[in-house]
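# Secondary and tertiary structure notes
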Amino acid sequence: MAKAPVLTPRADDFPRWYQDLISKAELADNGPVRGSMVIRPYGYGIWERMQAEMDARIKETGTENAYFPLLIPQSYLAREADHVEGFAPELAVVTHGGGKELEEPAVVRPTSEMIINEYFAKWVQSYRDLPLLINQWANVVRWELRPRLFLRTSEFLWQEGHTAHATYEEARDFAAHIHRQVYEDFMVNVLAMDVVPGRKTVKERFAGAINTLTLEGMMGDGKALQMATSHELGQNFAKAFNTQYLSKEGKQELVWQTSWGSTTRMIGALVMMHGDDDGLRVPPRLAQIQVVVLAIKGDEAVLAKVREIGARLKAAGVRVRVDDRTDIPFGRRAVDWELKGVPVRIEVGPRDLENGTAMLARRIPGGKEPVAIDSLVELLPVVLEEDQALLLRQSRERRESRTSEVSTIAEAVEAATAGGWARIPWATLGEEGEAGLAEHAVTVRCLVAEDGSVPDSDTAPGNVAIVARAY
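Below is a summary of the structure that appears in this document. This is a predicted model, so every value here is computed, not measured. (Residues numbered from 1 in each chain as written. Predicted model: local features only at pLDDT ≥ 70, side-chain atom pairs only at ≥ 80, totals over all residues. Heavy atoms only, no water.)

Turning to the overall build of the protein chain, a few remarks are in order. Of regular secondary structure, the protein chain possesses 13 helices and 23 strands. The C-alpha radius of gyration of the protein chain comes to 25 Å, within 12% of the 23 Å expected for a compact globule of 471 residues. Taken along its principal axes, the extent of the C-alpha atoms in the protein chain is 80 × 55 × 50 Å. Out of the 471 residues in the protein chain, the part that is buried amounts to 54%. Excluding contacts between residues fewer than 6 apart, the proportion of contacts in the protein chain whose partners are at least 24 apart in sequence is 68%. Here the protein chain displays about 20800 Å² of accessible surface, and carbon together with sulfur accounts for 49% of that area. (Helix = DSSP H or I, 4+ residues; strand = E, 2+ residues; numbered from the N terminus. Rg over C-alpha atoms; globule rule 2.2 N^0.38 Å. Buried < 20%, exposed > 50% of the residue type's maximum accessible area, 1.4 Å probe, protein only. Contact = heavy atoms within 4.5 Å. Areas by Shrake-Rupley, 256 points an atom, 1.4 Å probe, with all protein chains shown as cover.)

Encoded structure:
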């Protein structure tokens with residue numbers, strides 16, 4: 001009798017496979033309040049690595065980290081009508097505290113434009129105070145009606161950047177820099193994710209923004225996922241909060257602003273873009289454990305050797321874990337590490353010691369081969385970089401093979417509902433066609449120029465709409 005698979009096969013039920021993997025790879029559990037999430041240590045370790053990589057890139061732009069309150073006076077939200085309207089259905093409101101009804105209800109932040117702009121208005125007096133570049137790592141709450149772990153939860157973790165500039169051009173260029181040099185660089189070069197950079201349509205734009213830049217990724221089932229966004233806010237919030245500066249010419253001017261964010265949704269993307277029927281596949285540059293060294297049996301010589309290998313790899317800069325838990329069957333441990341997507345397993349048993357070899361198991365391309373123990377320090381960095389490149393290549397090949405060039409709205413709907421993306425001229429689709437797509441649960445993910453670059457305007461000649469079903 002064939003053994004039941006550890007995970008529901010992706011081809012049978014992709015959503016069930018996703019939930020199985022989140023649970024069995026010990027990434028997260030559902031929290032006690034509907035839509036909340038408990039991130040387990042292995043999942044949080046992935047988030048910490050994402051944070052470290054992103055934080056370094058953000059700081060290279062001159063942005064500094066700060067922290068702002070979780071609770072926002074409800075009156076603040078009345079100051080920017082479009083912004084509030086965009087978030088109204090998702091707000092969680094605190095009406096009581098300390099056993100008493102509050103004089104003014106407080107909103108649990110869905111995003112921090114309002115509270116941050118209150119302080120930007122205090123901190124900015126002169127052109128010398130600009131640009132003001134602030135980021136915070138925090139949690140936010142958006143009451144989610146259809147929750148799914150990592151993808152849509154009522155509370156999630158993120159970073160949100162907020163900046164103020166002297167001119168429109170400076171703000172525009174900074175939003176674009178974050179979009180490409182921070183977000184896209186991180187996703188392509190660390191997450192090994194092929195993403196499409198583009199411009200959101202007016203309908204899909206962030207509430208209160210004059211332009212939203214996005215990065216869209218194709219998941220394993222062909223649906224799209226919005227990975228991160230960078231917004232030009234224009235002067236909308238500056239007008240609402242009267243954020244002005246004294247220019248070099250001695251005139252009072254309103255600042256120009258940006259905001260931008262990425263979330264724990266990227267962990268869900270990691271699962272759906274790189275995972276397979278055996279579990280996660282974590283890109284080596286991201287993995288908090290790049291190599292696990294397993295003792296097959298509790299032989300003292302074997303245990304000594306796996307610990308020695310671990311120490312040598314650690315000294316060489318490899319993020320390594322030694323698994324010497326020989327009271328747990330080897331097969332179970334191997335399956336657990338495979339589920340967790342650790343890029344490389346080094347397996348050592350008594351016979352391997354006799355031969356001076358270890359078994360090298362590569363999670364990303366699959367397969368095993370014996371290698372000389374003495375070659376591991378030199379070999380593993382090469383293997384890890386090869387497998388990093390393979391994940392990116394597979395991601396790109398999936399998107400390219402499942403994206404159709406179409407010329408009619410009907411063809412765009414057909415391509416999207418069949419589990420792929422479509423490219424259609426925006427001049428053919430337009431806002432009327434975009435509304436028609438919504439009737440089929442299909443959206444315009446972004447607009448791109450004919451050459452794949454990000455267009456300068458919504459109506460630039462030659463704009464192409466990327467159309468898909470999305471998470």
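A few words on the layout of surface pockets. Estimated volume of the second largest pocket: approximately 250 Å³. Forming the boundary of the second largest pocket are 14 residues, of which Arg172, Arg199, Asn211, Glu232 and Pro455 lie nearest the centre. When contributions to the lining of the second largest pocket are tallied by element, the ones reaching two or more residues are α5 (168-189) and β10 (211-218). Examining the composition of the lining of the second largest pocket, we find that six residues originate from one element, α5, more than from any other. Looking at the lining of the second largest pocket residue by residue, the classes come out as six nonpolar, two polar and six charged. (1 Å grid on protein atoms, 1.4 Å probe; cavity = no way out; pocket = protein on both sides within 12 Å on 5 of 7 lines; lining within 4 Å. Points joined across faces, edges and corners; volume = space filled by probe spheres on them. Nonpolar A, V, L, I, M, F, W, Y, C, P; charged D, E, K, R; others polar.)

Next up on the list: the nonpolar core. Phe150 and Met187 are the most contacted members of the largest nonpolar core, which has 62 residues in total. Each residue touching Met187, except ones within four places of it in the same chain, is listed here: Ala192, Met193, Val195, Leu215, Met227, Ala228 and Met266. (Core = buried A, V, L, I, M, F, W, Y, C linked by side-chain atoms within 4.5 Å.)

The next point concerns α5. The end-to-end C-alpha separation of α5 is 30 Å, in line with the 32 Å expected for 22 residues at 1.5 Å each. The sharpest bend along α5 reaches about 25° and sits at Tyr183. If you check which residues of α5 are buried, you get Ala171, Phe174, Ala175, Ile178, His179, Val182, Tyr183, Glu184, Phe186, Met187 and Val188. (Expected span 1.5 Å × (residues − 1). Bend = angle between axes of the 7 residues up to and from the residue.)

With that settled, the discussion passes to the packing of helix α2 (residues 41-60) against helix α7 (residues 265-274). Where α2 meets α7, the axes come as close as 10 Å, and the angle between the chain directions of the two elements is 110°. When the axis of α2 is compared with that of α7, the two are roughly perpendicular. In contact with Gly43, Ile46, Trp47 and Met50 of α2, α7 contributes Met266, Ile267 and Leu270. Among the residues making up the contact of α2 with α7, the classes are represented as six nonpolar, one polar and no charged. (Axes fitted to C-alpha atoms, helices over the stretch in contact; angles between N-to-C directions. Parallel < 35°, antiparallel > 145°, perpendicular 65-115°, else oblique.)

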